[in-house]
Amino acid sequence: MAQKIVPHLWFDNRTKDAVDTYVRAFSPLGDSCLLSSVVLPDTPSGDALNVEFMLAGHRFMAIDGGPYFRPNPSISFFVNFDPSRDPRAHEHLDGLWAILIEGGFALMDLGEYPFSSHYGWLQDRFGVSWQLILTDPDGEERPVIVPSLLFTREHAGQALAARDFWISVFGDSRPGLTAPYPAGMEPDVEGTLMFGDFVLEGQWFAAADSALDHSFSFDEGVSLLVECEDQDEIDRLWEALSAVPEAEQCGWLKDRFGVSWQIAPADMGQMMATGTPDQVRRLTEAFLPMRKLDVAALSAAWEGVSPGSD
């Protein structure tokens, strides 16, 4: 099944270094490579490198967007190492940790925990957070990489509401594991989500609440790009998700839980990756002033014709 929701990472002139590091680090897990690279001219951040890449079969995108945002642990990425599928799972976990921790730091030290015999959570030198876990092969199989959302600060306690809302918005969606906090786990409230996972558009995501005094919350440093089939789907998702009008810009929106989404035509990445410099320039000039993306206007810019002309 094609991946419809693509994590998007925001860097400040570090995209090439970050993507090169990630592809090298994940190569032992297979299916890790650079897919495309294009410079978007004359953006508010200048000429911006835009990259699509694959890590262990999971597509990502990244952009040199300037100093405005930076990834933080509110959205991290579980990397599942299943000994039943990979006899060298423990070794591969340690190897990935060694590369990603260089210049970064541990949020939870690599070691044994009640939920896993081998687990660690780190933030790498580019600001992206990864949770490496040796998984229990019992139960429903999970993919190697699972984006994980941590609801903190003003959004603490909203993880279950967000999960149920997103399941109502997206197709091929359902809840998975739900593990609420028991009593006596203050400051976390009994019944809020200690850990859970769920499926949106056939893809696994994880979520948890944390009422601890965190310095971070959701922002545009990590967003979720949804590739839509047509204008009708863009319109429907935009109407359902957008909750902060001032955050609407060139296909970006922010929902009621603070999570940033990009709602874009499915072929826009391909247009950028394969276009001539003039086509990429026209496309960039067209989408930068938009709030919600207009498929017809983007196609016209790509073709170099006036919108609505034959």
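Please read all numbers here as calculations on a predicted model, not as lab measurements. (Residues numbered from 1 in each chain as written. Predicted model: local features only at pLDDT ≥ 70, side-chain atom pairs only at ≥ 80, totals over all residues. Heavy atoms only, no water.)

## Some words on the pairing of strand 6 (residues 105-113)
Next up, step 1: Bridge count between strand 6 and strand 7 (residues 116-123): five bridges; the pairing is antiparallel. Across the sheet, residue Phe-105 finds its bridge partner in strand 7, namely Gln-123.
Next up, step 2: Hairpin connection of strand 6 to strand 7: two residues between the antiparallel strands. (Pairing = 2+ DSSP bridges. Helix = DSSP H or I, 4+ residues; strand = E, 2+ residues; numbered from the N terminus.)

## Description of helix 7 (residues 295-303)
Along an α-helix, residues three or four apart share an orientation, since each turn contains 3.6 residues.
Next up, step 1: Residues Ala-297, Leu-298, Ala-300, Ala-301 and Trp-302 constitute the buried set of helix 7.
Next up, step 2: Contacts made by the buried residues of helix 7 are with strand 15 (260-265), helix 5 (268-274) and helix 6 (277-287).
Next up, step 3: For helix 7, the N-terminal cap is Asp-294; the gap from its side-chain oxygen to the backbone nitrogen of Ala-296 is 3.1 Å.
Next up, step 4: One or two steps after helix 7, the chain reaches Gly-304, where phi turns positive at roughly 75 degrees. (Buried < 20%, exposed > 50% of the residue type's maximum accessible area, 1.4 Å probe, protein only. Contact = heavy atoms within 4.5 Å. Polar contact = N/O pair within 3.5 Å; in protein donor to acceptor, adjacent residues only side chain to side chain.)

## Concerning the pattern of salt bridges
Next up, step 1: Summed over all chains, the structure comprises 15 salt bridges.
Next up, step 2: A salt bridge links Glu-227 to Arg-59; its shortest N-O distance comes to 2.8 Å. Highlighted residues: Glu-227 in strand 13 (residues 222-228) and Arg-59 in strand 4 (residues 58-64), separated in sequence by 168 residues. Grouping residues by exposure puts Glu-227 and Arg-59 together as buried.
Next up, step 3: Two residues, Glu-220 and Lys-254, come together in a salt bridge whose shortest N-O distance is 3.4 Å. Here Glu-220 is found in the loop between strand 12 (203-209) and strand 13, whereas its partner Lys-254 is found in strand 14 (residues 252-254), with 34 residues between them in sequence. (Salt bridge = Lys/Arg side-chain N within 4 Å of Asp/Glu carboxyl O.)

## Quick look at the nonpolar core
Next up, step 1: Counting 60 residues, the largest nonpolar core has Tyr-22, Trp-130, Trp-166 and Trp-261 as its most contacted members.
Next up, step 2: Setting aside anything within four residues of it in sequence, one finds Trp-261 in contact with Ile-5, Trp-166, Phe-170, Leu-200, Leu-224, Val-226, Leu-241, Gly-251, Trp-252, Leu-253 and Asp-255. (Core = buried A, V, L, I, M, F, W, Y, C linked by side-chain atoms within 4.5 Å.)

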